[in-house]
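Each chain is listed here by its residues.
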Amino acid sequence: MSRAFNFSAGPAALPESVLQQVQAEMLEWRGERASVMEVSHRGQSFIDCAAETERDLRELMGIPDDYAVLFEQGGATTLAALLPLNLAGPDATADYLLTGHWGEKALENARPSIGTHVVASSKDSGYKSIAERASWQLSEDAAYFHYTPNETIHGVEFHDIPDVGNTPLVADFSSSLLSRPIDVSRFGVIYGGAQKNLGPAGIVIVIVRRDLLGKHGRKLPPIFELENQAKNDSMFNTPPTFSWYVVGLVLKWLKAQGGAAAMEVQNRRKAEILYGAIDGSGGYYRNEVATACRSRMNVPFFLANPELDKAFLKQAEAAGLLGLKGHRALGGMRASIYNAMPVEGVQALVGFMADFAQRNG
Ligand code: PMP
(Lines give C-alpha, C1' and ligand atoms only; values in the text may rest on other atoms or scores of the structure.)
Protein backbone atom coordinates (compact mmCIF):
# COMPACT_ATOMS: atom_id res chain seq x y z
CA MET A 1 0.00 0.00 0.00
CA SER A 2 1.23 3.50 -0.70
CA ARG A 3 -0.66 6.53 0.48
CA ALA A 4 0.27 9.85 -1.09
CA PHE A 5 -0.07 13.40 0.25
CA ASN A 6 -3.55 14.42 -0.86
CA PHE A 7 -4.13 18.14 -1.51
CA SER A 8 -7.68 17.67 -2.77
CA ALA A 9 -10.15 20.47 -1.95
CA GLY A 10 -12.90 18.13 -0.83
CA PRO A 11 -13.63 15.34 -0.32
CA ALA A 12 -10.22 15.66 1.21
CA ALA A 13 -7.52 13.89 3.20
CA LEU A 14 -8.53 12.29 6.49
CA PRO A 15 -6.14 11.48 9.34
CA GLU A 16 -4.57 8.10 8.69
CA SER A 17 -5.26 6.89 12.24
CA VAL A 18 -8.96 7.59 11.71
CA LEU A 19 -9.01 5.53 8.52
CA GLN A 20 -7.21 2.73 10.34
CA GLN A 21 -9.82 2.74 13.08
CA VAL A 22 -12.63 2.68 10.52
CA GLN A 23 -10.92 -0.28 8.89
CA ALA A 24 -10.49 -2.09 12.20
CA GLU A 25 -14.17 -1.58 13.09
CA MET A 26 -15.56 -2.28 9.63
CA LEU A 27 -16.87 -5.76 10.32
CA GLU A 28 -17.83 -5.31 13.90
CA TRP A 29 -18.52 -2.07 15.73
CA ARG A 30 -18.95 -1.63 19.48
CA GLY A 31 -19.75 -5.29 20.03
CA GLU A 32 -22.80 -5.04 17.74
CA ARG A 33 -21.72 -8.03 15.59
CA ALA A 34 -22.37 -5.77 12.62
CA SER A 35 -20.79 -2.61 11.20
CA VAL A 36 -21.90 0.89 12.11
CA MET A 37 -23.52 1.10 8.67
CA GLU A 38 -25.75 -1.87 9.39
CA VAL A 39 -27.30 -1.01 12.74
CA SER A 40 -30.31 1.14 13.56
CA HIS A 41 -29.80 4.83 14.23
CA ARG A 42 -32.33 4.32 17.05
CA GLY A 43 -30.20 1.64 18.73
CA GLN A 44 -28.27 2.53 21.88
CA SER A 45 -24.83 2.20 20.28
CA PHE A 46 -25.57 4.74 17.59
CA ILE A 47 -27.40 7.06 19.95
CA ASP A 48 -24.32 7.00 22.21
CA CYS A 49 -21.99 7.60 19.26
CA ALA A 50 -24.11 10.54 18.05
CA ALA A 51 -24.26 12.09 21.52
CA GLU A 52 -20.49 11.69 22.01
CA THR A 53 -19.86 13.40 18.68
CA GLU A 54 -22.02 16.34 19.68
CA ARG A 55 -20.34 16.57 23.10
CA ASP A 56 -16.89 16.55 21.54
CA LEU A 57 -17.86 19.22 19.01
CA ARG A 58 -19.31 21.39 21.80
CA GLU A 59 -16.11 20.99 23.78
CA LEU A 60 -13.76 21.61 20.83
CA MET A 61 -15.62 24.73 19.67
CA GLY A 62 -16.84 26.00 23.05
CA ILE A 63 -20.44 26.00 21.85
CA PRO A 64 -22.75 27.70 24.38
CA ASP A 65 -25.89 25.89 25.60
CA ASP A 66 -28.25 28.28 23.85
CA TYR A 67 -27.03 26.88 20.52
CA ALA A 68 -28.41 23.71 18.95
CA VAL A 69 -26.01 21.43 17.07
CA LEU A 70 -27.53 19.66 14.08
CA PHE A 71 -26.09 16.91 11.90
CA GLU A 72 -27.93 17.31 8.61
CA GLN A 73 -28.11 15.16 5.51
CA GLY A 74 -26.78 16.70 2.33
CA GLY A 75 -24.18 19.34 1.58
CA ALA A 76 -23.51 22.95 2.46
CA THR A 77 -25.55 23.80 -0.63
CA THR A 78 -28.59 22.11 0.93
CA LEU A 79 -28.23 24.35 3.96
CA ALA A 80 -27.64 27.44 1.83
CA ALA A 81 -31.18 26.77 0.56
CA LEU A 82 -32.76 25.63 3.83
CA LEU A 83 -31.46 28.42 6.05
CA PRO A 84 -33.28 31.27 4.26
CA LEU A 85 -36.53 29.28 4.63
CA ASN A 86 -35.92 28.73 8.32
CA LEU A 87 -34.62 32.09 9.45
CA ALA A 88 -37.27 34.52 8.17
CA GLY A 89 -40.47 34.94 6.18
CA PRO A 90 -40.60 35.56 2.40
CA ASP A 91 -41.00 39.33 2.85
CA ALA A 92 -37.80 39.70 4.83
CA THR A 93 -34.45 40.73 3.37
CA ALA A 94 -31.14 39.06 4.02
CA ASP A 95 -27.71 40.58 3.41
CA TYR A 96 -25.08 38.68 1.43
CA LEU A 97 -21.41 39.56 1.25
CA LEU A 98 -19.69 38.07 -1.79
CA THR A 99 -16.01 37.18 -1.54
CA GLY A 100 -15.96 34.26 -3.97
CA HIS A 101 -17.77 31.45 -5.73
CA TRP A 102 -19.50 29.91 -2.72
CA GLY A 103 -20.97 33.17 -1.53
CA GLU A 104 -22.49 33.55 -5.00
CA LYS A 105 -23.92 30.03 -4.83
CA ALA A 106 -25.42 30.68 -1.39
CA LEU A 107 -27.07 33.81 -2.76
CA GLU A 108 -28.52 31.89 -5.74
CA ASN A 109 -29.96 29.33 -3.37
CA ALA A 110 -31.52 32.00 -1.15
CA ARG A 111 -33.10 34.08 -3.90
CA PRO A 112 -36.22 31.93 -4.44
CA SER A 113 -37.12 32.13 -0.73
CA ILE A 114 -36.25 35.56 0.65
CA GLY A 115 -35.42 39.11 -0.43
CA THR A 116 -31.66 39.35 -0.89
CA HIS A 117 -29.32 42.29 -0.88
CA VAL A 118 -25.67 42.17 -1.90
CA VAL A 119 -23.80 44.21 0.68
CA ALA A 120 -20.56 44.27 -1.33
CA SER A 121 -18.78 42.08 -3.84
CA SER A 122 -15.18 41.77 -4.92
CA LYS A 123 -16.18 39.95 -8.14
CA ASP A 124 -15.02 42.77 -10.43
CA SER A 125 -11.48 42.32 -9.19
CA GLY A 126 -11.67 38.54 -9.62
CA TYR A 127 -12.30 37.84 -5.91
CA LYS A 128 -8.70 38.51 -4.98
CA SER A 129 -9.58 40.48 -1.88
CA ILE A 130 -12.43 41.29 0.50
CA ALA A 131 -14.32 44.55 -0.12
CA GLU A 132 -13.33 47.17 2.47
CA ARG A 133 -15.66 47.11 5.49
CA ALA A 134 -16.38 50.85 5.01
CA SER A 135 -17.86 50.14 1.55
CA TRP A 136 -20.44 47.59 2.74
CA GLN A 137 -24.03 48.75 2.27
CA LEU A 138 -25.89 46.95 5.05
CA SER A 139 -29.71 46.78 4.90
CA GLU A 140 -31.64 48.60 7.60
CA ASP A 141 -33.47 45.55 8.81
CA ALA A 142 -31.72 42.45 7.52
CA ALA A 143 -32.96 39.11 8.88
CA TYR A 144 -29.36 37.90 8.79
CA PHE A 145 -25.97 38.58 7.21
CA HIS A 146 -24.47 35.72 5.21
CA TYR A 147 -20.79 35.38 4.37
CA THR A 148 -18.17 32.72 3.62
CA PRO A 149 -15.27 32.91 6.09
CA ASN A 150 -13.09 30.86 3.74
CA GLU A 151 -13.69 30.78 0.00
CA THR A 152 -12.43 27.36 -1.03
CA ILE A 153 -11.94 28.10 -4.74
CA HIS A 154 -10.61 31.65 -4.61
CA GLY A 155 -8.46 31.09 -1.52
CA VAL A 156 -9.78 34.17 0.28
CA GLU A 157 -10.19 33.98 4.06
CA PHE A 158 -11.37 36.30 6.79
CA HIS A 159 -8.89 36.46 9.64
CA ASP A 160 -11.42 38.15 11.91
CA ILE A 161 -15.17 38.05 12.40
CA PRO A 162 -17.01 40.90 10.66
CA ASP A 163 -18.95 43.29 12.85
CA VAL A 164 -22.46 43.87 11.51
CA GLY A 165 -24.11 45.08 14.70
CA ASN A 166 -27.05 43.05 15.97
CA THR A 167 -27.84 41.31 12.68
CA PRO A 168 -27.30 37.55 13.15
CA LEU A 169 -24.18 36.37 11.32
CA VAL A 170 -24.71 33.28 9.18
CA ALA A 171 -21.41 31.78 8.12
CA ASP A 172 -20.56 28.98 5.70
CA PHE A 173 -17.52 27.49 7.42
CA SER A 174 -17.35 24.44 5.12
CA SER A 175 -13.65 24.76 4.42
CA SER A 176 -12.35 26.16 7.70
CA LEU A 177 -14.38 24.62 10.51
CA LEU A 178 -12.08 23.81 13.46
CA SER A 179 -8.99 25.06 11.63
CA ARG A 180 -8.64 27.70 14.38
CA PRO A 181 -10.58 28.71 17.50
CA ILE A 182 -13.62 30.92 16.92
CA ASP A 183 -16.01 32.68 19.28
CA VAL A 184 -19.27 30.87 18.47
CA SER A 185 -21.31 33.39 20.47
CA ARG A 186 -20.62 35.99 17.77
CA PHE A 187 -22.69 33.97 15.26
CA GLY A 188 -26.35 33.25 14.62
CA VAL A 189 -25.59 30.20 12.47
CA ILE A 190 -22.39 28.37 11.61
CA TYR A 191 -22.71 25.65 9.00
CA GLY A 192 -20.34 23.51 7.02
CA GLY A 193 -20.14 20.33 4.99
CA ALA A 194 -17.89 17.76 6.65
CA GLN A 195 -15.87 16.66 3.65
CA LYS A 196 -12.93 19.03 4.08
CA ASN A 197 -11.86 19.24 7.69
CA LEU A 198 -14.18 16.84 9.46
CA GLY A 199 -15.06 13.64 7.66
CA PRO A 200 -16.75 12.13 4.62
CA ALA A 201 -19.27 13.88 2.37
CA GLY A 202 -22.99 13.57 3.05
CA ILE A 203 -23.29 15.35 6.37
CA VAL A 204 -23.46 19.03 7.28
CA ILE A 205 -22.83 20.45 10.73
CA VAL A 206 -25.13 23.29 11.72
CA ILE A 207 -24.65 25.28 14.92
CA VAL A 208 -27.62 27.55 15.38
CA ARG A 209 -28.74 29.92 18.12
CA ARG A 210 -31.95 28.30 19.29
CA ASP A 211 -33.98 31.52 19.40
CA LEU A 212 -33.54 31.96 15.63
CA LEU A 213 -35.47 28.80 14.78
CA GLY A 214 -39.21 28.43 14.27
CA LYS A 215 -39.93 32.15 13.78
CA HIS A 216 -40.32 32.29 9.99
CA GLY A 217 -44.11 31.91 9.86
CA ARG A 218 -43.97 29.82 6.67
CA LYS A 219 -45.67 26.51 5.98
CA LEU A 220 -42.72 24.23 5.40
CA PRO A 221 -42.70 20.48 4.85
CA PRO A 222 -41.77 19.12 8.30
CA ILE A 223 -38.56 17.61 6.97
CA PHE A 224 -37.29 21.08 5.91
CA GLU A 225 -38.07 22.56 9.33
CA LEU A 226 -34.74 22.78 11.16
CA GLU A 227 -36.56 23.22 14.45
CA ASN A 228 -37.85 19.65 14.03
CA GLN A 229 -34.31 18.41 13.63
CA ALA A 230 -33.26 20.33 16.74
CA LYS A 231 -36.10 18.82 18.75
CA ASN A 232 -35.31 15.31 17.50
CA ASP A 233 -31.53 15.25 17.99
CA SER A 234 -31.11 15.38 14.18
CA MET A 235 -32.97 12.07 13.86
CA PHE A 236 -36.23 13.33 12.42
CA ASN A 237 -35.47 10.81 9.68
CA THR A 238 -32.52 8.47 9.11
CA PRO A 239 -29.28 10.44 9.45
CA PRO A 240 -26.11 9.66 7.44
CA THR A 241 -24.89 7.32 10.16
CA PHE A 242 -21.54 6.33 8.66
CA SER A 243 -20.50 9.93 7.99
CA TRP A 244 -21.61 10.92 11.49
CA TYR A 245 -19.52 8.13 13.01
CA VAL A 246 -16.41 9.15 11.04
CA VAL A 247 -16.88 12.79 12.05
CA GLY A 248 -16.91 11.52 15.64
CA LEU A 249 -13.56 9.80 15.11
CA VAL A 250 -12.05 12.90 13.49
CA LEU A 251 -13.17 14.99 16.49
CA LYS A 252 -11.47 12.55 18.87
CA TRP A 253 -8.33 12.82 16.74
CA LEU A 254 -8.58 16.62 16.91
CA LYS A 255 -8.86 16.51 20.69
CA ALA A 256 -5.76 14.32 20.86
CA GLN A 257 -3.87 16.86 18.69
CA GLY A 258 -4.69 19.66 21.15
CA GLY A 259 -7.88 21.00 19.55
CA ALA A 260 -8.49 24.08 17.44
CA ALA A 261 -5.71 26.15 19.06
CA ALA A 262 -3.09 23.52 18.20
CA MET A 263 -4.54 23.24 14.70
CA GLU A 264 -4.21 26.98 14.24
CA VAL A 265 -0.50 26.89 15.09
CA GLN A 266 0.10 24.07 12.62
CA ASN A 267 -2.11 25.59 9.92
CA ARG A 268 -0.30 28.93 10.17
CA ARG A 269 3.02 27.16 9.82
CA LYS A 270 1.91 25.17 6.76
CA ALA A 271 0.52 28.29 5.09
CA GLU A 272 3.73 30.25 5.79
CA ILE A 273 5.85 27.52 4.23
CA LEU A 274 3.71 27.33 1.10
CA TYR A 275 3.15 31.07 0.53
CA GLY A 276 6.83 31.59 1.31
CA ALA A 277 7.78 29.17 -1.45
CA ILE A 278 5.39 30.80 -3.93
CA ASP A 279 6.44 34.38 -3.13
CA GLY A 280 10.10 33.42 -3.07
CA SER A 281 10.03 31.73 -6.49
CA GLY A 282 10.99 34.89 -8.38
CA GLY A 283 7.68 34.89 -10.25
CA TYR A 284 7.85 31.25 -11.35
CA TYR A 285 4.76 30.64 -9.19
CA ARG A 286 2.28 33.26 -8.08
CA ASN A 287 -0.70 33.60 -5.76
CA GLU A 288 -2.85 36.64 -6.58
CA VAL A 289 -4.83 37.06 -3.35
CA ALA A 290 -4.21 40.18 -1.22
CA THR A 291 -1.82 39.20 1.57
CA ALA A 292 -4.19 40.18 4.39
CA CYS A 293 -6.88 37.74 3.28
CA ARG A 294 -4.91 34.81 1.96
CA SER A 295 -6.45 31.51 2.99
CA ARG A 296 -4.65 29.15 5.34
CA MET A 297 -6.69 26.26 3.99
CA ASN A 298 -6.77 26.61 0.19
CA VAL A 299 -3.84 28.05 -1.71
CA PRO A 300 -4.46 28.66 -5.42
CA PHE A 301 -1.31 29.30 -7.42
CA PHE A 302 -0.33 29.69 -11.04
CA LEU A 303 2.77 28.88 -13.01
CA ALA A 304 4.13 31.84 -14.98
CA ASN A 305 4.10 29.52 -17.98
CA PRO A 306 0.71 27.73 -18.08
CA GLU A 307 2.00 25.45 -20.83
CA LEU A 308 3.82 23.62 -18.06
CA ASP A 309 0.63 22.97 -16.03
CA LYS A 310 0.11 19.45 -17.36
CA ALA A 311 3.71 18.42 -16.78
CA PHE A 312 3.60 19.91 -13.27
CA LEU A 313 0.50 17.90 -12.34
CA LYS A 314 1.77 14.68 -13.87
CA GLN A 315 5.14 14.89 -12.18
CA ALA A 316 3.57 15.93 -8.88
CA GLU A 317 1.39 12.82 -8.94
CA ALA A 318 4.39 10.68 -9.72
CA ALA A 319 6.09 12.28 -6.71
CA GLY A 320 3.17 11.33 -4.46
CA LEU A 321 1.43 14.73 -4.39
CA LEU A 322 -2.22 14.39 -5.37
CA GLY A 323 -5.17 16.68 -6.05
CA LEU A 324 -3.25 19.82 -7.04
CA LYS A 325 -5.28 20.73 -10.13
CA GLY A 326 -6.96 24.13 -9.68
CA HIS A 327 -10.73 24.50 -9.80
CA ARG A 328 -12.02 24.69 -13.37
CA ALA A 329 -13.26 28.25 -12.74
CA LEU A 330 -9.71 29.50 -12.10
CA GLY A 331 -7.35 27.03 -13.73
CA GLY A 332 -3.79 26.73 -12.47
CA MET A 333 -3.12 24.84 -9.25
CA ARG A 334 -4.63 24.72 -5.80
CA ALA A 335 -3.19 23.07 -2.71
CA SER A 336 -5.72 22.44 0.04
CA ILE A 337 -3.92 22.07 3.33
CA TYR A 338 -6.66 21.21 5.80
CA ASN A 339 -6.12 19.96 9.36
CA ALA A 340 -5.27 16.42 8.28
CA MET A 341 -2.38 17.54 6.03
CA PRO A 342 0.84 17.18 8.01
CA VAL A 343 3.63 19.77 7.81
CA GLU A 344 5.73 17.12 6.04
CA GLY A 345 3.19 17.08 3.20
CA VAL A 346 3.65 20.81 2.63
CA GLN A 347 7.42 20.44 2.87
CA ALA A 348 7.28 17.72 0.24
CA LEU A 349 5.18 19.98 -1.99
CA VAL A 350 7.50 22.99 -1.76
CA GLY A 351 10.49 20.71 -2.34
CA PHE A 352 8.85 19.41 -5.50
CA MET A 353 7.95 22.95 -6.63
CA ALA A 354 11.52 24.15 -6.27
CA ASP A 355 12.84 21.11 -8.08
CA PHE A 356 10.30 21.47 -10.90
CA ALA A 357 11.16 25.16 -11.34
CA GLN A 358 14.84 24.33 -11.53
CA ARG A 359 14.32 21.60 -14.11
CA ASN A 360 11.93 23.68 -16.22
CA GLY A 361 13.45 27.16 -15.80
N1 PMP B 1 -19.39 26.23 0.58
C2 PMP B 1 -18.05 26.08 0.57
C3 PMP B 1 -17.21 27.10 1.26
C4 PMP B 1 -17.49 24.99 -0.09
O5 PMP B 1 -16.17 24.85 -0.13
C6 PMP B 1 -18.33 24.04 -0.73
C7 PMP B 1 -17.79 22.82 -1.42
N8 PMP B 1 -16.59 22.89 -2.00
C9 PMP B 1 -19.70 24.24 -0.69
C10 PMP B 1 -20.19 25.33 -0.01
C11 PMP B 1 -20.65 23.28 -1.35
O12 PMP B 1 -20.67 22.13 -0.62
P13 PMP B 1 -21.52 20.86 -1.03
O14 PMP B 1 -20.95 20.40 -2.32
O15 PMP B 1 -21.28 19.94 0.11
O16 PMP B 1 -22.93 21.29 -1.14
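Numbering of residues begins from 1 in every chain and follows the order in which that chain's sequence is written. This being a predicted model, a pLDDT of at least 70 is required before a residue's local features are given, and a value of 80 or more before pairs of side-chain atoms are given or counted; all residues contribute to the totals for chains, interfaces and linings. No hydrogens and no water enter the side-chain calculation; it runs on all heavy atoms of the structure.

(A) Layout of the overall build of the protein chain. What counts as a helix is a DSSP run of H or I of at least four residues, what counts as a strand is a run of E of at least two, and both are numbered from the N terminus. Helix and strand counts for the protein chain stand at nine helices and 14 strands. Relative to a compact globule of 361 residues, whose C-alpha radius of gyration would be 21 Å, the protein chain shows 21 Å and is just as compact. The C-alpha extent of the protein chain, read off along each of the three principal axes, is 65 × 60 × 30 Å. Looking at the 361 residues of the protein chain, the share that counts as buried comes to 55%. Within the protein chain, residue pairs in contact and separated by at least 24 positions form 66% of the contacts whose partners lie at least 6 positions apart. Residue exposure ignores everything except the shown protein chains as possible cover, and the areas themselves are Shrake-Rupley values with a 1.4 Å probe. As presented, the protein chain carries roughly 15800 Å² of accessible surface, and 50% of it is formed by carbon and sulfur atoms. Charged side chains of the protein chain number 34 positive and 40 negative; the gap between the two group centres comes to 3 Å. Throughout, the radius of gyration refers to the C-alpha atoms, and the reference size of a globule is 2.2 Å times the residue count to the power 0.38. Between buried and exposed lies partly exposed: a residue is buried under 20% and exposed over 50% of the maximum accessible area for its type, with that area taken using a 1.4 Å probe on protein chains only. The criterion used for residue contact is that any of the two residues' heavy atoms lie within 4.5 Å. Positive charges come from Lys and Arg, negative ones from Asp and Glu, while His and the chain ends are left out of the count. In this description, the location of a charge corresponds to atom NZ of lysine, CZ of arginine, CG of aspartate or CD of glutamate.

(B) Seen up close, the pairing of strand E10 (residues 203–209). The buried fraction of E10 is high, at six of seven residues. Paired strands are those between which DSSP finds at least two bridges. With seven bridges connecting them, strand E2 (residues 67–73) and E10 associate as antiparallel partners. Bridging from a neighbouring strand, glutamate 72 pairs with valine 204 of E10. Here five bridges tie strand E9 (residues 189–193) to E10, and the two strands are oriented antiparallel to one another. Its bridge partner being in E10, glycine 193 is matched across the sheet by valine 204.

(C) Representation of the side chain of threonine 152. When you line up the elements, threonine 152 lands in the loop between strand E6 (150–151) and strand E7 (156–157). Note on threonine 152: relative accessible area 4%, which makes it buried. Polar contacts, as counted here, are pairs of nitrogen or oxygen atoms within 3.5 Å of one another; within protein the pair requires one atom able to donate a hydrogen and one able to accept it, and residues that are adjacent in sequence qualify only if both atoms are side-chain atoms. There is a polar contact of 2.8 Å between the side chain of threonine 152 and the side chain of serine 175.

(D) Spotlight on the site of the ligand. A cutoff of 4 Å decides nearness: a residue is near a molecule or strand if any of its heavy atoms lies inside that distance of it. In the region of the ligand, the neighbouring residues are Gly75, Ala76, Thr77, Trp102, Thr148, Asn150, Thr152, Asp172, Ser174, Ser175, Gln195 and Lys196. A distance of 2.4 Å separates an oxygen atom of the ligand from a polar side-chain atom of threonine 152. Contacts to the ligand include aspartate 172, whose side-chain N or O atom sits 2.5 Å from a nitrogen atom. If the ligand stood free it would expose 400 Å²; the protein chains cover 82% of that surface. Residue composition of the shell around the ligand, grouped by class: two nonpolar, eight polar and two charged. Think of it as three bins: nonpolar holds Ala, Val, Leu, Ile, Met, Phe, Trp, Tyr, Cys and Pro, charged holds Asp, Glu, Lys and Arg, and polar takes everything else, Gly as well.

(E) Representation of the packing of helix H3 (residues 76–87) against helix H4 (residues 101–110). In this description, a line fitted to the C-alpha atoms serves as the axis of each element, helices being fitted only across the stretch in contact, and the angle between N-to-C directions of two axes falls anywhere from 0 to 180 degrees. Put simply, H3 and H4 touch, their axes get as near as 8 Å, and they point 45 degrees apart. By the angle between their directions, the pair H3 and H4 is classed as oblique. With respect to the hand of their crossing, H3 and H4 are arranged in right-handed fashion. Contact residues: Thr77, Ala80, Ala81 and Pro84 in H3; Trp102, Ala106, Asn109 and Ala110 in H4. Its residues placed into classes, the contact of H3 with H4 shows six nonpolar, two polar and no charged. Note that the term roughly parallel is reserved for angles under 35 degrees, roughly antiparallel for angles over 145, roughly perpendicular for angles of 65 to 115, and oblique for everything else. Left-handed is the label given to a crossing in which the near helix is rotated counterclockwise from the far helix by less than a right angle, and right-handed is the label when the rotation is clockwise.

(F) Spatial organisation of the sheet that holds E9. The strand order E2-E10-E9-E8-E5-E3-E4 describes an open sheet built from seven strands, whose pairing is mixed. The two strands at the open ends of the sheet, each matched to only one other strand, are E2 and strand E4 (115–121). In this sheet, adjacent strand axes meet at a mean angle of 20 degrees when their direction is disregarded. Pairing geometry for strand E3 (residues 93–98) and strand E5 (residues 145–147), over two bridges, is parallel. Note on E5: the bridge partner recorded for aspartate 95 is phenylalanine 145. This element, helix H2 (residues 44–61), spans E2, E9 and E10 of the sheet and lies at about 125 degrees to E2.

(G) Structural view of a nonpolar patch on the surface. A patch is a set of surface residues, each over 30% in relative accessible area and not in a salt bridge, joined within 9 Å for like charges and within 5 Å for the nonpolar side chains Val, Leu, Ile, Met, Phe, Trp and Tyr. In what follows, salt bridge is the name for a side-chain nitrogen of Lys or Arg lying within 4 Å of a carboxyl oxygen of Asp or Glu. The grouping of Met26, Leu27 and Met37 at the surface amounts to a nonpolar patch, some 320 Å² of accessible area in total. Within the secondary structure layout, leucine 27 lies in the loop between helix H1 (16–24) and H2. Overall, the relative accessible area of 73% leaves leucine 27 in the exposed class.

(H) Structural detail: the pattern of salt bridges. Inspection of the entire model under this criterion finds 17 salt bridges. Between glutamate 16 and arginine 3 there is a salt bridge, with its nearest N and O atoms 3.6 Å apart. Residue glutamate 16 is found in helix H1, and its partner arginine 3 is found in the segment before strand E1 (5–6); the two are separated by 13 residues along the sequence. The exposure class of arginine 3 is partly exposed, given its relative accessible area of 45%. Between lysine 252 and glutamate 52 there is a salt bridge whose closest N-O contact spans 3.6 Å. Linking lysine 252 in helix H6 (residues 241–257) with glutamate 52 in helix H2, this pair joins segments that are 200 residues apart in sequence. Salt bridges sharing common partners tie together Arg30, Glu52, Asp56, Glu59, Lys252 and Lys255.

Structural measurements only, silent on function.
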